Amino acid sequence: MKSPERVESKPALVVIGNGMAGMRTVEELHKLDPDMYDITVFGAEPHGNYNRILLSPVLAGEKTMDDIMLNTREWYVQHGITLHAGDPVEHIDRRNRIVRARSGLEVRYDRLLIATGSKPFIIPVPGHQLPGVLAFRDIQDVESMLEAARNHKHAVVIGGGLLGLEAANGLQRQGMSVTVVHVTDALMNQQLDKPAAQLLQKALEDKGLKFRLNAQTAEIVGTDRATAVRFKDGSEIPADLVVMTAGVRPNIELAKAAGLHCDRAIIVDDTLQTYDPRIYAVGECVQHRSATFGLVAPIWDQARVCGAHLAGAGVRRYVQQTSPTRLKVTGVDLYSVGDFVGGEGSEDLVLRDARRGVYKRLVLKNNRVTGAVLYGDVKDGPWYFGLIQNNTDITSIRQTLLFGEALSARAA
Ligand SMILES: Cc1cc2nc3c(=O)[nH]c(=O)nc-3n(C[C@H](O)[C@H](O)[C@H](O)COP(=O)(O)OP(=O)(O)OC[C@H]3O[C@@H](n4cnc5c(N)ncnc54)[C@H](O)[C@@H]3O)c2cc1C
């Protein structure tokens, strides 16, 4: 909480985006110096800051909206932060250092933090604007899906990646009949190799989900509302609800319009500063050394670095690290990290135990682990991740490596 001293004319920090990256950065700044700025936060969503990752368990009925709140409105009051929730910023005037929100409210800044996240990519097929066609990004989407599940039967999820499978699982748990449509021949093809993807598909089929792989959506059929999805081969499946989980695009229109240097996202340096030294950016809206981001682990690192620079303790530099992926579907254990494809100069260690439903593949290069895909038994995932991060030479534990940390510790 703010202390009473140092109240006279502090510099103003304005944050655009009341999501995970923006507020984590404010928290990191507060740890270092809670009194440095007068902070104003603008959020497009009419809520406090919540844990977006946990929208999946909310959809599945395993958590409530209250459970996933990170910073309630009271939190902002207690920390002396002014929150304008439900009032998106529409313009940044860099010359006069003012932001203007949709309500017409204007606030002057000394430092500006842009944390506008991503926008879901809606495949622009005919019918994509029909009621019943949704994305899976925010509380509003989850409320709309829950409402659809109460009143309708057939759901189609377009996109068989992490988000699509979590949406499909949630909708099925809400009683809908769900088909997942995916363009390639394997689920989660960004994170899993074929054998792991097949095990995953089988486990999800056993739970009642249906799949259409190698399928290209041609049209969402319907007049007043979606009623079916039609594919390029002419076939159709019924759909009262269509959830598009076909990727996201960094939300950068505001930054672009303000003349900030952008490519696929807002370009930042190792301190998360944009080309305008008064403006920082963090999260899914940034591009750092050609990379963009879609998981929270790198975003927490960015927040730590950016918070330190905003606090004037600017010795830190953001360094990209690989981040593991886990699927949040109860009863399905999978873990994927690093380069799971391999290639020239790399080798594979593979363990398959079909009866136990266990599959493990480690990719090695120069006696170092560079990637891991684990299905069914994931307890050693963090250990493999550590070996990757530390670039550990595994020569002495190679024989036991696949059997995990406990056995390898004995062998070493
Ligand atoms: C359902 C779901 C499950 C996920 N599961 C995982 C997971 O298991 N593991 C993982 O690592 N990641 C997961 N993610 C991804 C993770 O949630 C994101 O990487 C993270 O939220 C990105 O943080 P961000 O602050 O950049 O964007 P966001 O959290 O999206 O925050 C951006 C905020 O800015 C607001 N905004 C946009 N424009 C404006 C404007 N002009 N004015 C004011 N406000 C604006 C938006 O409304 C939004 O509230 C998941 C995402 C979803 C949707």
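Residues numbered from 1 in each chain as written. Predicted model: local features only at pLDDT ≥ 70, side-chain atom pairs only at ≥ 80, totals over all residues. Heavy atoms only, no water.

Peer 1: Break down the nonpolar core for me, with residues and values.
Peer 2: I39, I92, V99, L112 and I114 are the most contacted members of the largest nonpolar core, which has 53 residues in total. Beyond its immediate sequence surroundings of up to four residues, I92 is in contact with I16, I98, V99, Y109, L112, I114, L254 and A258. Judged by nonpolar contacts, the second largest core, of 45 residues, contains I68, A197, A203 and L204. (Core = buried A, V, L, I, M, F, W, Y, C linked by side-chain atoms within 4.5 Å. Buried < 20%, exposed > 50% of the residue type's maximum accessible area, 1.4 Å probe, protein only. Contact = heavy atoms within 4.5 Å.)

Peer 1: Could you give an account of the sheet that holds strand β2 (residues 38-43), with specific residues and numbers?
Peer 2: Taken together, 5 strands build an open sheet; the order of strands is β5-β2-β1-β9-β21 and the sheet is parallel. Of all the strands in the sheet, the pair left with one neighbour each is β5 (82-85) and β21 (279-281). Averaged over all neighbouring strand pairs, the angle between strand axes comes to 15°, with direction disregarded. In terms of strand pairing, strand β1 (residues 12-16) meets β2 through 5 bridges, oriented parallel. (Pairing = 2+ DSSP bridges. Helix = DSSP H or I, 4+ residues; strand = E, 2+ residues; numbered from the N terminus. Axes fitted to C-alpha atoms, helices over the stretch in contact; angles between N-to-C directions.)

Peer 1: Before we move on, could you go through the packing of aromatic side chains and cite the residues and values that matter?
Peer 2: Applying the stated criterion to the full structure yields 3 aromatic pairs. When the ring of F293 is compared with that of Y318, the centres are 6.0 Å apart and the planes differ by 70°; the resulting orientation is edge-to-face. Of this pair, F293 sits in the loop between β22 (286-288) and α8 (296-310) while Y318 sits in the loop between α8 and β23 (325-326), and the two are 25 residues apart along the sequence. Looking at Y318, the relative accessible area reads 3%, which means it is buried. Measuring from ring centre to ring centre gives 5.2 Å for W383 and Y384, while their planes differ by 45°; the resulting arrangement is tilted. (Phe/Tyr/Trp six-rings, centres within 6.5 Å; stacked < 30°, edge-to-face > 60°.)

Peer 1: Tell me about the pairing of strand β16 (residues 226-231), residues and numbers included.
Peer 2: Note: strand β15 (residues 217-222) against β16, 5 bridges, orientation antiparallel. Residue pairing for β16: I220 is matched across the bridge by V229. Counted along the chain from β15 to the antiparallel partner β16, the turn is 3 residues long. As defined by bridge partners, β16 adjoins strand β17 (residues 236-238) across 3 bridges and the pair is classed as antiparallel. In the strand pairing of β17, V229 is matched with I237.

Peer 1: For the confidence of the model for the chain, give the residues involved together with the corresponding values.
Peer 2: Summing up the model confidence of the chain, the mean pLDDT is 95 and the portion of residues at 70 or higher is 98%. Counting contacts from residues 1-5, a segment whose pLDDT is below 50, to residues more than four positions away or on other chains yields 11 contacts. (pLDDT = per-residue confidence, 0-100.)

Peer 1: Give me the lowdown on the pattern of salt bridges, citing residues and values where you can.
Peer 2: Counted according to the given criterion, the structure contains 26 salt bridges. Residue E28 pairs with R24 through a salt bridge whose shortest N-O separation is 4.0 Å. Taken together, the positions of E28 and R24, both in helix α1 (residues 20-32) and 4 residues apart, correspond to about one turn of that helix. A single network of salt bridges, built from pairs that share partners, joins R24, E28 and K31. (Salt bridge = Lys/Arg side-chain N within 4 Å of Asp/Glu carboxyl O.)

Peer 1: Can you explain the sheet that holds β15? Please cite residues and give values.
Peer 2: Judged by pairing direction, the sheet is antiparallel, and its 3 strands sit side by side in the order β15-β16-β17 without closing on themselves. This sheet does not close on itself; its edge strands, each paired only once, are β15 and β17. Across the sheet, the mean angle separating the axes of adjacent strands is 25° when strand polarity is ignored.

Peer 1: Report on empty space enclosed by the protein, specifying residues and quantitative values.
Peer 2: According to the stated counting rule, one finds 1 cavity of 30 Å³ or more in the structure shown. Here the largest cavity is characterised by a volume of approximately 40 Å³. Lining the largest cavity are P120, F136, R137, L163, M244, T245, G247 and V248. Looking at the lining of the largest cavity residue by residue, the class counts come to 5 nonpolar, 2 polar and 1 charged. (1 Å grid on protein atoms, 1.4 Å probe; cavity = no way out; pocket = protein on both sides within 12 Å on 5 of 7 lines; lining within 4 Å. Points joined across faces, edges and corners; volume = space filled by probe spheres on them. Nonpolar A, V, L, I, M, F, W, Y, C, P; charged D, E, K, R; others polar.)

Peer 1: So what about the domain arrangement of the chain? Which residues, and what values?
Peer 2: Here the chain is described as being made up of domain 1 (12-119 + 249-310), domain 2 (133-244) and domain 3 (333-411). Here domain 1 and domain 2 have C-alpha centroids that lie 30 Å from each other. Each partner contributes to the interface: domain 1 provides 15 residues, whereas domain 2 provides 15 residues. Across the domain 1-domain 2 interface, the total number found is 2 salt bridges. R137 serves as the salt-bridge partner of E284, at 3.1 Å between the closest nitrogen and oxygen. There are 6 residue pairs in polar contact (both at pLDDT 80 or more) connecting domain 1 and domain 2. The leading source of residues in the side of domain 1 that touches domain 2 is helix α2 (residues 55-59), at 4 residues. Residues belonging to the side of domain 1 that touches domain 2 are distributed by class as follows: 7 nonpolar, 4 polar and 4 charged. (Domains from an automatic or database assignment. Polar contact = N/O pair within 3.5 Å; in protein donor to acceptor, adjacent residues only side chain to side chain.)

Peer 1: Quick one: what's the story with the site of the ligand, residue by residue and with numbers?
Peer 2: Surrounding the ligand, one finds 29 residues, the nearest of these being E45, R52, R137, E284 and K328. Contacts to the ligand include M20, whose backbone N or O atom sits 3.3 Å from an oxygen atom. A distance of 2.7 Å is found between an oxygen atom of the ligand and a side-chain nitrogen or oxygen belonging to E45. Relative to its unbound accessible area of 1000 Å², the ligand is 91% covered by the protein chains. Elements with a minimum of two residues in the shell around the ligand: α1, β2 and α8. For the shell around the ligand, a count of residues per class yields 15 nonpolar, 9 polar and 5 charged. Viewed by domain, the shell around the ligand spans two of them, domain 1 (12-119 + 249-310) and domain 2 (133-244), each represented by three or more residues. (Near = heavy atom within 4 Å. Areas by Shrake-Rupley, 256 points an atom, 1.4 Å probe, with all protein chains shown as cover.)

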